[in-house]
Amino acid sequence: MKASSSPNIALIKYWGNRDEELRLPAADSVSMVLDTPTVEASVEASETWKIQSFHADGSDAPQSEKSIERLKKHWSLCISYLEGIGQTDLPSALKIDIRSGIPPAIGIASSAAVFSCLGEAYGALGKNLTREQVSILSRLGSGSAGRNSFGGYVALENHGNGIGSACGKQIASEAHWILHDIIIVPSREEKKVGSTEGHASAATSPLFAARINDIPRRMKECTDALLTKDFEKLQVISEEDALDMHRCMETQTPALHYLSEVTHSILRELEGVRKSDKLNVLYTMDAGPTVHLLCTEDSVRTVEDFAAAQKGCTVFKAKTGGGSKIVSL
Ligand code: PMV
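This section reports on the structure supplied with the text.

1. Here's the deal with empty space enclosed by the protein
Phase 1: Tallying each qualifying case throughout the model produces 1 cavity of 30 Å³ or more.
Phase 2: There is about 40 Å³ of room inside the largest cavity.
Phase 3: The wall of the largest cavity is formed by Lys13, Tyr14, Trp15, Gly16, Ala26, Ala27, Asp28, Arg211, Ile212 and Ile215.
Phase 4: A breakdown of the residues in the lining of the largest cavity according to their chemical character gives 6 nonpolar, 1 polar and 3 charged.

2. Here's the deal with the sheet that holds strand S11 (residues 180-185)
Phase 1: Taken together, 4 strands build an open sheet; the order of strands is S12-S13-S11-S14 and the sheet is antiparallel. In the strand order of this sheet, the two ends are held by strand S12 (281-284) and strand S14 (314-319), each with one partner. Adjacent strand axes in the sheet meet at a mean angle of 20° when their direction is disregarded.
Phase 2: Here S11 runs beside strand S13 (residues 291-295); their pairing, made up of 5 bridges, is antiparallel. Looking at S13, one finds that Ile182 is bridged to Leu293.
Phase 3: Against the sheet, helix H6 (residues 231-250) engages S12 and S13, with an angle of about 15° to S12.
Phase 4: Taken strand by strand, helix H7 (residues 261-277) contacts S11, S12 and S13, and its axis lies near 165° from that of S12.

3. Quick word on the packing of aromatic side chains
Phase 1: Per the counting criterion, the structure on display carries 2 aromatic pairs.
Phase 2: Ring centres 4.7 Å apart and planes at 65° place the aromatic pair Trp75 and Tyr122 in the edge-to-face group. With Trp75 in helix H1 (residues 65-84) and Tyr122 in helix H2 (residues 111-125), the pair connects residues that are 47 residues apart, well separated along the chain.
Phase 3: Assessed through its relative accessible area of 1%, Trp75 is described here as buried.
Phase 4: With relative accessibility at 0%, the residue Tyr122 sits in the buried group.
Phase 5: Taken together, a centroid distance of 6.3 Å and an interplanar angle of 85° make the contact between Trp177 and Phe231 edge-to-face. Here Trp177 is found in the loop between strand S10 (166-172) and S11, whereas its partner Phe231 is found in helix H6, with 54 residues between them in sequence.
Phase 6: Look at Phe231 and you get buried, because its relative accessible area is 6%.
Phase 7: The cationic tip of Arg99 hangs over the ring face of Phe54; the distance from NZ or CZ to the ring centre is 4.4 Å.

4. Thoughts on the environment of Met249
Phase 1: For Met249, the position within the fold is in helix H6.
Phase 2: According to the relative accessible area criterion, Met249 is buried, its value standing at 0%.
Phase 3: Residues Met249 and Asp277, 28 residues apart in the sequence, show an inter-C-alpha distance of 32 Å.
Phase 4: The contact partners of Met249, leaving out residues within four places of it in the chain, are Trp15, Ala255, Leu256, Tyr258 and Ala287.

Each value, and the rule that gives it
Residues numbered from 1 in each chain as written. Predicted model: local features only at pLDDT ≥ 70, side-chain atom pairs only at ≥ 80, totals over all residues. Heavy atoms only, no water. 1 Å grid on protein atoms, 1.4 Å probe; cavity = no way out; pocket = protein on both sides within 12 Å on 5 of 7 lines; lining within 4 Å. Points joined across faces, edges and corners; volume = space filled by probe spheres on them. Nonpolar A, V, L, I, M, F, W, Y, C, P; charged D, E, K, R; others polar. Pairing = 2+ DSSP bridges. Helix = DSSP H or I, 4+ residues; strand = E, 2+ residues; numbered from the N terminus. Axes fitted to C-alpha atoms, helices over the stretch in contact; angles between N-to-C directions. Contact = heavy atoms within 4.5 Å. Phe/Tyr/Trp six-rings, centres within 6.5 Å; stacked < 30°, edge-to-face > 60°. Buried < 20%, exposed > 50% of the residue type's maximum accessible area, 1.4 Å probe, protein only. Lys NZ or Arg CZ within 6 Å of the ring centre and 35° of its normal.

The analysis is restricted to geometry; functional conclusions fall outside its scope.
Rendered as structure tokens:
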């Protein structure tokens, strides 16, 4: 079984869980699925665990003990879920080959791509799963991965309780609206605390409760903006949410400062340029200093030039994509 997937970029961010173990988010979120870079995973039943991973050029990308444990834990949660929906004959161990086309230096979290790729492959080990059920399998490895089982613009919504109570829902397909994502990666010096640890202390921020209460309004604004292709509305709501998530991260205990001086200077410069050049461009940042500049077709050339002029930064280009899929059975 071979599956492929890519990262996604959140417009209304997922930060904090209502259940850490089951990766059930504290609130809904929505993102745009990217068309590149791609991760491929081959999965088959095995007597014992065999996990291998490779870079795009075929060289070894050895997994740490911690990530091997996370992969095994993910499969055991998937078994619980799959058995709960009546699937049988699931192997207790797997042979997994992961080929990541995500260049290590570009600062795009690969966990959404990897776990949605595995979720897709695990879904095909079962029988007749819906896209929502595949999304749940992906989410059990990384919350944001649950937004990759559809293409285009995808929400992760909470419904009720239990292991299957948060899953992806497509807001609009990639054919509805193609946006570009010009990704500017500042050189990174600080050691990064991963989002799994970060989510676990999100609720210690005094701003967390207000954030969670306001997410339904933001989800509605964002969904309306996407459905009506209202870029200005999308810009206002997604920038508000990204900055609010970072304020929450920065005020939690221990505090997480993902944005660097370079990030802030890129944002200041961008605000000037977009005003003078009337650009349709919005910024958003996840758990790192990387700046994602989402823009429309008519603004992309100028945004690319802006990105190329950022000294000491690596630039990566993507656009709206189609989500995880099976490559071969
Ligand atoms: O899926 P995780 O556990 O890596 O969390 C992702 C968290 C953010 O990237 C910061 C926000 C998001 O919604 O993608």
